[in-house]
Amino acid sequence: MKDFKQEIASIISKVTNIDEHELVTYIEVPKDSNMGDYAFPCFRFAKELKKAPNIIAEEIKEKIDITGTNIEKVDILGGYLNFTISKLELVKVTLEEIDNKKDDYGKSSLGNGKTIIVEYSSPNIAKPFHIGHLRTTLIGRALYNIYKYLGYNTIGINHLGDYGTQFGKMIEGYKRWGKEYNIEENPIEELTKIYVRINALCKEDEDVLEVCRDNFKKLEEGDKYCKELWEKFREVSLKEFYRIYDLLDIKFDSLNGEAFYQDKTDEVIDILEKTGKLVESEGARIIDLEERKMPPCIVCKSNGSTIYATRDLAAILYRARTYNFDKCLYVVAYEQNLHFKQVFEVAKLLGISEKCQKGLEHISYGMVHLKEGKMSTREGNVIKVEDLLKESISRVKDIIEKKNPDFTKEEKQDIAKKVGIGAVIFNDLSGARIKDEIFDWDTMLNFTGETGPYIQYTYVRTNSILKKTQEIPKIEEVDFTKLLNEAEISILKLIYSFTNVIEQASIKNEPSIIAKYLIDLSKVFSSFYNENKIIVEDEALQNARIYLTYATNLVLKNGAKLLGINMPEKM
RNA sequence: GGGUCAGUAGCUCAGUUGGAUAGAGCACAGGCCUUCUAAGCCUGGGGUCGGGGGUUCGAAUCCCUCCUGGCUCACCA
């Protein structure tokens, strides 16, 4: 698609000595659209040229030739050179691109030939899937979708927490009290009770903790009893997790969790040994990272068994070999910042390519707190994702019952699910990743204002118009001059920038950029919708407005899909 | 204590990589349904951008320092 910013940069570049690519980064969008569509600030050159910014702007303006370009007007304001582009061209370029790409509008080939791994969700088995797991699951899925949309070969991995000392504990707890709990009926809840109980005992009695560690060691060594139990825990947990993944419509390309690397850690230790940097310390084997101003990375515990860092390293080695990734993103909460810094540092010793080394990136995000404080499985004050989703769906159902009692039962169910879950997803993805979140039912389940349902509602409005007119006019039947008012141009500018917004979201690994964009688009469309009738007598006007509605419909749907939000056809 | 992240309206948050008069939503006050869905639209009040220094044409944004809070700092993940 034609790039207006690029065009302006090219024109300025011709009359200055500044590189075109450099110029593009300087060009910005004015706050007030009355000032122009793009702005070139001249301040930064004032010192070098020893001239006032407005004089520089004046000189550039004199020299540039805009005849035959898409630039209509150049103004000087303050030290800015403000460019106004041809609105007709904007409308034409944007809608023709819509016609050209249709459902694929916004996709790009930016990532062609590149492979990116997104590791996300990664819950610990035998523990409840609570709202703390929601963020990694939703952010990760959104990033997965975003990269895929940009043409990357994308691999989504659920790095299950299915290994480690915690299972030594689980095994010990089960061995002691398993008969007292009804695991078949309510596996995770009952296993959690056992886990809480054994943890308490470990805290009291160091010897029990030692037994648990030993159990894990046995598990690693292939002990039959331990392995059978572990398999059982894993199976029942996955079954429960998939109830939630299905509700959220989450999919993975791989479920290779920690246990998968069980037989791959020896090689890691071997490689590290050969570097001569694996040293013994306090009985454990570590890589000293003092040079990098970090605490040491433990690779082998003093009892000889592995630790999560070892398995993460094995995973890096395996993934580098299997996928030869350009990037490997770890969507994990910021409490593990140090861990990943250490592991990425040690990964440099594994002999993997520089590309893979540099592609490792921890996508950290903020924690979820309750008003009362931190969530803790042990205290039993966790909010389970399933309960949250069910509550949301139920609240939406009540609203539908009031607003649209005539919908069929199936329709109500379908809409309640899409809107209820959409609200939760949007709420989670609408803020910057890094910020902590204080969980509150009424904030989470608010359906008015800047929320998921608002975007869905706007989509539904476009949808019902398109349904009413039956067909979308051909692009040849659209008179672009009918779409030159302020409201229409605001909508088209946003639609024009869709791909760019997705790219920004990928550069920053920040789905909230897309969430914000969808709110903006919904706002300008809602405003337009309120002021103008779309289905009108004047056929040419109607065709143009319908096409604009169609374009909005498409972008809202595709954008929401990237976030993992499904659109209801009506609501 | 060291490291690190955050602090913007009563609340929840944006702020296009240093640019023009700091913006939304919620809440509050008022207006708009005989019309393509009012989960909407329009209008209004609200600010020491945590405090103080500095860098420069220009700082919410960069540097220093202090305050407050989160996370983390050896065999949990």
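Each remark here, short or long, concerns the structure printed above.
Below: a short report on this structure. From a predicted model like this one, the values you see are computed outputs, not experimental measurements.

1. Some points on the overall build of chain A
And then number 1: Assigned secondary structure in chain A consists of 22 helices and 13 strands.
And then number 2: By its C-alpha atoms, chain A is 80 × 70 × 40 Å across when sized along the principal axes.
And then number 3: With 571 residues in all, chain A has 53% of them scored as buried.
And then number 4: Looking at chain A as shown, the accessible area adds up to about 27,000 Å², and 47% of this sits on carbon and sulfur atoms.
And then number 5: Distance between charge centroids for chain A: 1 Å, based on 82 positive and 93 negative side chains.

2. Let's talk about helix α4 (residues 53-63)
And then number 1: Among all positions of α4, only I56, A57 and I60 are buried. Each buried residue of α4 sits inside an arc of 100 degrees when the element is viewed along its axis, so together they form one side.
And then number 2: The elements touched by buried residues of α4 are α1 (4-15), β1 (38-41), α3 (46-49), β2 (71-77) and β3 (80-85).

3. Let's talk about the pattern of salt bridges
Opposite charge on two side chains permits pairing when their charged atoms draw close.
And then number 1: This structure, assessed with the given rule, holds 42 salt bridges.
And then number 2: Residue E361 pairs with K327 through a salt bridge whose shortest N-O separation is 3.5 Å. With a gap of 34 residues between them, E361 in strand β10 (residues 360-365) and K327 in strand β9 (residues 327-333) connect regions that are remote in the sequence.
And then number 3: Of the residues examined, E361 reaches a relative accessible area of 28% and is grouped as partly exposed.

4. Considerations on the environment of N186
And then number 1: Topologically, N186 is positioned in the loop between α7 (165-177) and α8 (187-204).
And then number 2: For the pair N186 and V236, spaced 50 residues apart in sequence, the C-alpha separation works out to 9.3 Å.

5. Let's talk about the sheet that holds strand β7 (residues 284-287)
And then number 1: As summarised here, the arrangement of the three strands in space is β6-β7-β8, forming an open sheet in which the pairing is antiparallel. Edge positions in the open sheet fall to β6 (278-281) and β8 (297-300), since each of these has one partner strand only. Ignoring which end each strand starts from, the neighbouring axes of this sheet average 45 degrees apart.
And then number 2: Relative to β8, β7 runs antiparallel, the two sharing three bridges. Paired with I286 across the bridge in β8 is I298.

6. Some details on the environment of A259
And then number 1: Mapped onto the secondary structure, A259 falls in the loop between α10 (224-248) and α11 (265-275).
And then number 2: Once the C-alpha coordinates of A259 and A515 are considered, the two residues, 256 residues apart in sequence, prove to be 36 Å apart.
And then number 3: Apart from the residues within four sequence positions on either side, A259 is in contact with D162, Y163 and W230.

7. Quick look at the protein's contact with RNA strand B
And then number 1: The environment of RNA strand B is formed by 68 residues, the closest being Y80, K301, Y308, K403 and E450.
And then number 2: Considering RNA strand B, the proportion of its atoms within 4 Å of the protein that are sugar or phosphate atoms stands at 61%.
And then number 3: Between a base nitrogen of RNA strand B and a main-chain N or O atom of N532, the distance comes to 2.3 Å.
And then number 4: Sorting the residues of the surface near RNA strand B by element identifies β3, α7, β7, α12 (308-323), α15 (385-403), α18 (452-468) and α21 (512-531) as the ones contributing at least two each.
And then number 5: With seven residues, the single largest contributor to the surface near RNA strand B is α18.
And then number 6: In the surface near RNA strand B, the residues fall into 29 nonpolar, 17 polar and 22 charged.

8. Looking at the layout of surface pockets
And then number 1: Size it by volume and the largest pocket reaches roughly 1,500 Å³.
And then number 2: N124, K127, H133, E335 and Q336 are, among the 50 residues lining the largest pocket, the residues nearest its centre.
And then number 3: Elements with a minimum of two residues in the lining of the largest pocket: α6 (131-149), α7, α8, α12, β9, α13 (337-347) and β11 (368-370).
And then number 4: Top element by residues in the lining of the largest pocket is α13. It accounts for four residues.
And then number 5: Its residues assigned to classes, the lining of the largest pocket comprises 19 nonpolar, 21 polar and ten charged.
And then number 6: The wall of the second largest pocket is formed by 38 residues, among which V29, Y38, K493, Y496 and S497 lie closest to the centre.
And then number 7: Within the residue set of the lining of the second largest pocket, elements represented by two or more residues are α1, α5 (87-101), α19 (486-496), α20 (498-507) and α21.
And then number 8: Top contributing element to the lining of the second largest pocket by residue count: α19, with six residues.
And then number 9: When the residues that make up the lining of the second largest pocket are grouped by side-chain class, the tally is 14 nonpolar, ten polar and 14 charged.

9. Considering the packing of helix α9 (residues 206-221) against α10
And then number 1: One way to put it is that α9 packs onto α10 with a least axis distance of 8 Å and a crossing angle of 90 degrees. Taken as axis vectors, α9 and α10 run roughly perpendicular relative to one another. Here N215, K218 and L219 of α9 come into contact with α10, specifically with C226, K227 and W230.
And then number 2: Tallied by class, the residues present in the contact of α9 with α10 amount to three nonpolar, one polar and two charged.

10. Here's the deal with the side chain of E119
And then number 1: On the secondary structure map, E119 appears in strand β4 (residues 115-119).
And then number 2: Separated by 2.9 Å, the side chains of E119 and R319 make a polar contact.
And then number 3: Aside from chain neighbours lying at most four places away, what touches E119 is I157, H159, R319, L329, Y330, V331 and V332.

11. What to know about α10
And then number 1: The end-to-end C-alpha distance of α10, which contains 25 residues, comes to 36 Å, matching closely the 36 Å that a straight helix rising 1.5 Å per residue would cover.
And then number 2: Within α10, burial applies to C226, L229, W230, F233, V236, S237, L238, E240, F241, I244, Y245 and L248.
And then number 3: Against α6, α7, α8, α9, α15 and α16 (409-429) lie the buried residues of α10.
And then number 4: Two or three places before Y225, at the opening of α10, D223 has a side-chain oxygen 3.2 Å from that residue's backbone nitrogen.
And then number 5: Of the residues trailing α10, D249 is marked for its positive phi of about 65 degrees.

What counts, and at which threshold
- Residues numbered from 1 in each chain as written.
- Chains lettered and ligands numbered in written order.
- Predicted model: local features only at pLDDT ≥ 70, side-chain atom pairs only at ≥ 80, totals over all residues.
- Heavy atoms only, no water.
- Helix = DSSP H or I, 4+ residues; strand = E, 2+ residues; numbered from the N terminus.
- Buried < 20%, exposed > 50% of the residue type's maximum accessible area, 1.4 Å probe, protein only.
- Areas by Shrake-Rupley, 256 points an atom, 1.4 Å probe, with all protein chains shown as cover.
- Lys, Arg positive; Asp, Glu negative; His and termini not counted.
- Charge placed at Lys NZ, Arg CZ, Asp CG, Glu CD.
- Arc of directions from axis to C-beta.
- Contact = heavy atoms within 4.5 Å.
- Salt bridge = Lys/Arg side-chain N within 4 Å of Asp/Glu carboxyl O.
- Pairing = 2+ DSSP bridges.
- Axes fitted to C-alpha atoms, helices over the stretch in contact; angles between N-to-C directions.
- Near = heavy atom within 4 Å.
- Polar contact = N/O pair within 3.5 Å; in protein donor to acceptor, adjacent residues only side chain to side chain.
- Nonpolar A, V, L, I, M, F, W, Y, C, P; charged D, E, K, R; others polar.
- 1 Å grid on protein atoms, 1.4 Å probe; cavity = no way out; pocket = protein on both sides within 12 Å on 5 of 7 lines; lining within 4 Å.
- Points joined across faces, edges and corners; volume = space filled by probe spheres on them.
- Parallel < 35°, antiparallel > 145°, perpendicular 65-115°, else oblique.
- Expected span 1.5 Å × (residues − 1).

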